[in-house]
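Spelled out from the first residue to the last, the chains are:
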Amino acid sequence: MPLLEIANVSVRYGAVTAVRDFSGSVGDGDVVVVLGANGAGKSSLLRSIVGLAPKAGGRVTFDGRDITRWRTNRISRAGIALVPEGRRIFSPLSVQDNLLIGGYGNTNRSEKARLLGDIYDRFPVLAERRHRQAGLLSGGEQQMLAFGRALMSSPRLMMMDEPSMGLAPVAVDTVMSTVQSIAASGIAVLMVEQNAAMAQELATSAIVMERGEIIEVDSTGRIKAGVGSLSGFVDLP
Ligand code: ATP
């Protein structure tokens, strides 16, 4: 059974249907990428999985448990972390305080200290700047911080909403290798992207959305080989 199973999920805001009847799954070791233009419903899909956007129908199962109606903090404790669009770091707070916020659900102090140490090992730039105000970091560093904050909850699945958005090409490369190393450390990844080139490098499978619906699914590795037809659907950088 896959780690995350999404069955016929729809998201509606009043009269607007943002996601219609979406089904898909993410297994351990997978990097599943959801591609699509602005407004395709990608963020709504991720937000609905963690209970931040209203599900109008469908079912979400994680690790064999039906989490469809669970509250966000319970879903987070169960092992799903969301790295939100635009990073949403707390600018006035220090880097370290931002990371500690990510571990709020964990009351075990020594475990929290260990996680913090792991994150500083993984992102030396965050260790160097641990007492600096987060708002003073570069865009790429802020994305590292958003990843680190999510890792503080020891997730089994990390969902990432357009991590390359607004970053310079060199920072996009760093983001890509970070996503790769997160996946290599045994965390399943469900990532939303508009950057098809980035997706081609990383994805074990890809789903293309348009106006709330799935229009193409590729689980054959074509994307990895870089010969998929996806570039026709999304803006290449
Ligand atoms: P983007 O890359 O711009 O975030 P997206 O693919 O993530 O695009 P969504 O943000 O999920 O798309 O938006 C899908 C549709 O739902 C759009 O038509 C959007 O205007 C609408 N929508 C999103 N959030 C809300 C909301 N809170 N209330 C009403 N409509 C919304």
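Everything in this summary refers to the structure shown in the same document.

The rules behind the values
Residues numbered from 1 in each chain as written. Predicted model: local features only at pLDDT ≥ 70, side-chain atom pairs only at ≥ 80, totals over all residues. Heavy atoms only, no water. Near = heavy atom within 4 Å. Polar contact = N/O pair within 3.5 Å; in protein donor to acceptor, adjacent residues only side chain to side chain. Areas by Shrake-Rupley, 256 points an atom, 1.4 Å probe, with all protein chains shown as cover. Helix = DSSP H or I, 4+ residues; strand = E, 2+ residues; numbered from the N terminus. Phe/Tyr/Trp six-rings, centres within 6.5 Å; stacked < 30°, edge-to-face > 60°. Lys NZ or Arg CZ within 6 Å of the ring centre and 35° of its normal. Pairing = 2+ DSSP bridges. Contact = heavy atoms within 4.5 Å. Axes fitted to C-alpha atoms, helices over the stretch in contact; angles between N-to-C directions. Expected span 1.5 Å × (residues − 1). Buried < 20%, exposed > 50% of the residue type's maximum accessible area, 1.4 Å probe, protein only. Core = buried A, V, L, I, M, F, W, Y, C linked by side-chain atoms within 4.5 Å.

Some remarks on the site of the ligand
Lining the immediate environment of the ligand, one finds 13 residues, of which Gly 39, Lys 42, Ser 43, Ser 44 and Glu 162 sit closest. In the model, an oxygen atom of the ligand is placed 2.7 Å from a nitrogen or oxygen of the Gly 39 main chain. Lys 42 is positioned with one of its side-chain polar atoms (N or O) 2.8 Å from an oxygen atom of the ligand. Isolated, the ligand exposes 630 Å² of accessible area, and the fraction of that covered by the protein chains is 60%. Looking at the shell around the ligand, the element that brings in the most residues is helix H1 (residues 42–49), giving 3 residues.

As for the packing of aromatic side chains
All chains considered together, the criterion is met by 0 aromatic pairs. Positioned above the aromatic ring of Tyr 120 is the side chain of Arg 130, whose terminal nitrogen or guanidinium carbon lies 4.3 Å from the ring centre.

Looking at the sheet that holds strand E2 (residues 16–26)
Spatially, 4 strands are ordered E2-E1-E4-E5 in an open sheet, and the strand pairing comes out antiparallel. The open sheet terminates on both sides in strands that have one partner only, identified here as E2 and strand E5 (65–66). Relative to E2, strand E1 (residues 4–13) runs antiparallel, the two being bridged by 7 bridges. Following the sheet pairing, Val 9 is matched in E2 by Phe 22. Taken strand by strand, H1 contacts E1, E2 and strand E4 (55–62), and its axis lies near 115 degrees from that of E1.

As for helix H6 (residues 139–151)
A rise of 1.5 Å per residue sets the reference length of H6, with its 13 residues, at 18 Å; its end C-alpha atoms lie 18 Å apart and thus fit the reference within 8%. The buried fraction of H6 is high, at 12 of 13 residues. Listing the buried residues of H6 in full gives Gly 140, Glu 141, Gln 142, Gln 143, Met 144, Leu 145, Ala 146, Phe 147, Gly 148, Arg 149, Ala 150 and Leu 151.

Thoughts on the nonpolar core
Judged by nonpolar contacts, the single largest core of 44 residues is most densely connected at Leu 126, Phe 147, Met 158, Met 160 and Val 179. Sort the elements by how many residues they give to this core and helix H7 (residues 169–184) lands first, with 7 residues. If we skip the residues at most four places from it in the chain, Met 160 touches Leu 46, Val 83, Phe 147, Val 179, Ile 182, Val 189, Leu 190, Met 191 and Val 192. With 31 residues, the next largest nonpolar core counts Val 9, Val 19, Ala 40 and Ile 207 among its residues.

What to know about the pairing of strand E3 (residues 31–35)
Across the 5 residues that make up E3, a large majority, 5, are buried. Burial of the side chains of E3 extends over both faces: Val 31, Val 33 and Leu 35 are buried on one face and Val 32 and Val 34 on the other. Note: E3 against strand E8 (residues 188–193), 5 bridges, orientation parallel. Looking at the pairing, Val 31 lines up with Val 189 of E8. As judged from the 4 bridges shared by E3 and strand E9 (residues 205–210), these two strands associate in the parallel manner. The partner of Val 34 across the bridge, within E9, is Ile 207.

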